Structure formats: C-alpha cells, structure tokens
There are 2 protein chains.
Amino acid sequence: MHRTRVRIVEDALDANNTIARANREDFDRAGVRVVNLMSAPGAGKTTLLEATLGDLGGVRAGVLEGDVQGSLDADRITHLHVPVVQLNTGSHFGGECHLDANMVRSALPELPLSELDLLIVENVGNLVCPAEFRIGEDARVMISAVTEGEDKPLKYPLMFRACELVVINKIDLLPHLEYDLDRFHHHLDSVHPGVARMALSARTGEGVEEFAAWLVGVAARAVAHEH
Amino acid sequence: MHRTRVRIVEDALDANNTIARANREDFDRAGVRVVNLMSAPGAGKTTLLEATLGDLGGVRAGVLEGDVQGSLDADRITHLHVPVVQLNTGSHFGGECHLDANMVRSALPELPLSELDLLIVENVGNLVCPAEFRIGEDARVMISAVTEGEDKPLKYPLMFRACELVVINKIDLLPHLEYDLDRFHHHLDSVHPGVARMALSARTGEGVEEFAAWLVGVAARAVAHEH
C-alpha cells in the first residue's frame, strides 16, 4: 500500500515537472523572472512584499497570491499598485496545501506577463508540500520567522534545502524570545550548508533593503538555458 | 483532470475514515481518550505539552509525536517521563504533511494503551491537511499563536472549523505585536461561531492550568457510542 502511494506521488511529480517546464518557457519568452516565496502560515510573506515591492527601482513586479481560500493577501498587495492575481486552491484544486505548476499555469492568462520583469508567487503557508512542486520559477525563497523556533531546519529539511535564500524574519522580536540565532544558523548549515540567508524585520523595515536588492538581482538574471 | 483528483481524494478519505473507526474502537476498548493536537509549525504544540503533561492529577497520559522527520519533539517529551512514540511520515509514508488514521494505527502496537487514560497525538505542523484526516480521536484541538496574525481563521477555515477548542498561544508577546485579539475572536466566530477558546502562554505558564484542566476533562469523558 505504501509502495502504491509512492508510485502515485512520483507520477504526479513527473507531470508537474512537465508543466513547470512549459511555464518556464512562457516566463522566459516574456522576459519575466519568477520567485517562488514559501513559508509557514503567518511567517510574514505578504508583509515582506508590502515592505519591498513599492521600491524596486525600475523593476516592474507582479504578484500571484496562493491561498486555500479568500483574497486577503491579494487585497493587501493591491494597495501597492502592482498587478496581482489571486489563486485559490480551495475552489478548483481540492483544497490543496500547496501550489503546483498546473495551478500556476491556470493563472497565467490573467497575468500581464509582457509588462513585468519579475513575478513573485506567494505560495500557500506550509513548510512541507510546497517544496516538492516546481512551478517554473527561477528562484525559491523561504521565510523562517524567529517566533517559530530554531529547530525548524531539522524538522522540515526538504523546504530549507529546496531554497537558494532563507529569510529570517521578525528579528524585532528577538529581545522578547529565547531564540538562539547562532543555533539556527548551525541547524540551517547542517541541512543546507552555506545557503544564502538574511535577517530582517518586515514589520519595522530593518534589513528589508537587502531583500529588495536581492529581488532586483533576480530580475536582472539572464535566462538560464537549463530546460 | 480536477474531477479525477477530487475522486481520488474522496476514496482516500473514505478509507481513512474506516481505519479511524477501527482505531477508535481500540482506544475505547482500552479506555483511552485521544486528543488530536494541530497547529502551524512553531506555534508551540510541544511547549504546551511540556507545560501541562507533568501535572494532570491522576490522569496517565501518553504522547504520539508526528513529524516529517527526526525525533526532536519526542526527545523533549521523554523528559516528562510519559510514554512517547515518534511517528515519522518521511520514512514510510512518502513524507506526508499530516498524520492519517493508517499511520496512527501503525504506531498503536508501540503504545502501552492499557496503561493510559489519555493519548495526545501531536500532528505534523500544518494548517491545511491535518484537518481533513480523522485518526480515531475524541477531540481535536488547534493552537493559533498570536505571532501568526489575526487573519488565520479566514485563511485556513477548515482547520478552525474542525476543532472543538482553539488555544491562542504566545500571549506574552502581545505587548510587542500589533495583534488585535478582538479581531481574532471576530474572525474565529465568523468561521466557527462560539467555538471554545482559551488564551495562554505555554512559555511563561500563564493560563496553562486551564488547558491542563481541559485535558483532564477529556480523559474523564465517557465512551461515545457514535461509531
């Protein structure tokens, strides 16, 4: 029974990768770089976008919001006057706990790709399944809030390994927590040695310029011919 | 394609419910009441168990720890000198983001059911899928940490609806957040009107005696003949 399940999962991931490549080709043709932004619920994905998308120099950014239900995050992003599309996994996709390539593909017609340099896909808040599904992105980022504790890399290693950047958020709360930042770095290096990381507070704005600069850098990347 | 997926999900949930009933019969026969404890990653499930399981009067408690990988939480619980079994979804269950009835059933032989009054199953940290899978429990509880924001009931309504008790944790951090507790209650009532709730800090111990008393009450429940 377990083997059958693993087989089904593998088939689903194969199909996903095929669609992810098709997405990637569309993004490349349009000259849009894509960031897959992941985290646990409430780690601050939307707040970080609010703190950075208003000031990306000349980079034209858009956002694809993934949620099980509702459009709270998309409504928040709308105030930034960037194109935003809400994708709900609950309405047509069985209430899935993650975005996959097919869901993203279903939203592409609603996105003004030709007018964008950078598309940020805010995934469903979840530290497990989003890491398994490529969506055609150029870069995967995750946010780990210090309020979640230092042990998260050890408990959700696939997520921390799948990303090229780890954002440590909510550092304004460090004085009020027993959170050992050195221990977090140690755990992070044990599952993804040397992965790029930055610490910031999306709420106070401390350190967010570094993340904004990173986004600008992704937008400037040449098209990778790996697909 | 979506309809096929929904069909597969429904079949899986049917099978799950059958096994959940078998678990429940085993629990009833042994006179053990079972609590399914759920939350997002880092909301404080294990810390709350550490703060309460040492002092439940005469109630003999055990813990089943669910994680994708590792035994960090089980190691923490071991110090409390209660029986604890670690269940990893990563080793035999395809890295699932939730526990299901079959996984719990696979762990039953390792649990000293006849020596317990109360079994607490700490689910995988996730606000989506755990709510869909019954495991044979008597009660479902979720923890929502104030650091996650007030909007979580609106974004993960199934989880908040599936529970008979919502624990609002990390209230010691309220002075350092822009968290509106009234707004949270309002959102919670909009998805699960009047559901029982309690606010506490597992870290400082404020309010944990109320949760301990609730656990004692669950352990004292008569066997429900609903299966």
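So, here's what we can say about the structure. (Residues numbered from 1 in each chain as written. Chains lettered and ligands numbered in written order. Predicted model: local features only at pLDDT ≥ 70, side-chain atom pairs only at ≥ 80, totals over all residues. Heavy atoms only, no water.)

Next up on the list: the side chain of Asp 138 of chain B. All names here are of chain B. Mapped onto the elements, Asp 138 comes out in the loop between strand S4 (118-122) and strand S5 (139-145). A relative accessible area of 15% places Asp 138 in the buried class. Separated by 3.0 Å, the side chains of Asp 138 and Arg 24 make a polar contact. A polar atom in the side chain of Asp 138 sits 2.8 Å from the side chain of Arg 33. Other than its neighbours up to four places away in sequence, Asp 138 contacts Arg 24, Val 32, Arg 33, Val 34, Glu 164 and Arg 221. (Helix = DSSP H or I, 4+ residues; strand = E, 2+ residues; numbered from the N terminus. Buried < 20%, exposed > 50% of the residue type's maximum accessible area, 1.4 Å probe, protein only. Polar contact = N/O pair within 3.5 Å; in protein donor to acceptor, adjacent residues only side chain to side chain. Contact = heavy atoms within 4.5 Å.)

On to the interface of chain B and chain A, then. Tallying the contact residues gives 39 residues for chain B and 39 residues for chain A. Together chain B and chain A conceal approximately 3400 Å² of surface at their shared face, both sides included; 55% is due to carbon and sulfur atoms. Together, Pro 41, Lys 155 and His 176 of chain B form the three largest contributors to the area buried by chain B at its contact with chain A, with a combined 16%. Counting across the chain B and chain A interface gives 6 salt bridges. As a salt-bridge pair, Asp 67 of chain A and Lys 155 of chain B come within 3.4 Å of each other at their nearest N and O atoms. There are 13 residue pairs in polar contact (both at pLDDT 80 or more) connecting chain B and chain A. Breaking the side of chain B that touches chain A down by element, the ones donating at least two residues are helix H1 (2-30), helix H3 (72-78) and helix H6 (152-155) of chain B. Across the side of chain B that touches chain A, the residue classes tally to 16 nonpolar, 10 polar and 13 charged. (Buried area = accessible area lost by both parts, 1.4 Å probe. Salt bridge = Lys/Arg side-chain N within 4 Å of Asp/Glu carboxyl O. Nonpolar A, V, L, I, M, F, W, Y, C, P; charged D, E, K, R; others polar.)

As enumerated under the stated definition, the model contains 0 disulfides over all chains in all. With no disulfide of its own, Cys 129 of chain A has Cys 97 of chain B as its nearest cysteine by sulfur position, at a separation of 3.5 Å. The exposure class assigned to Cys 129 of chain A is buried, which follows from its relative accessible area of 9%. A residue is classified by how much of its surface remains accessible, and Cys 97 of chain B, at 1% relative accessible area, is buried. (Disulfide = S-S within 2.5 Å.)

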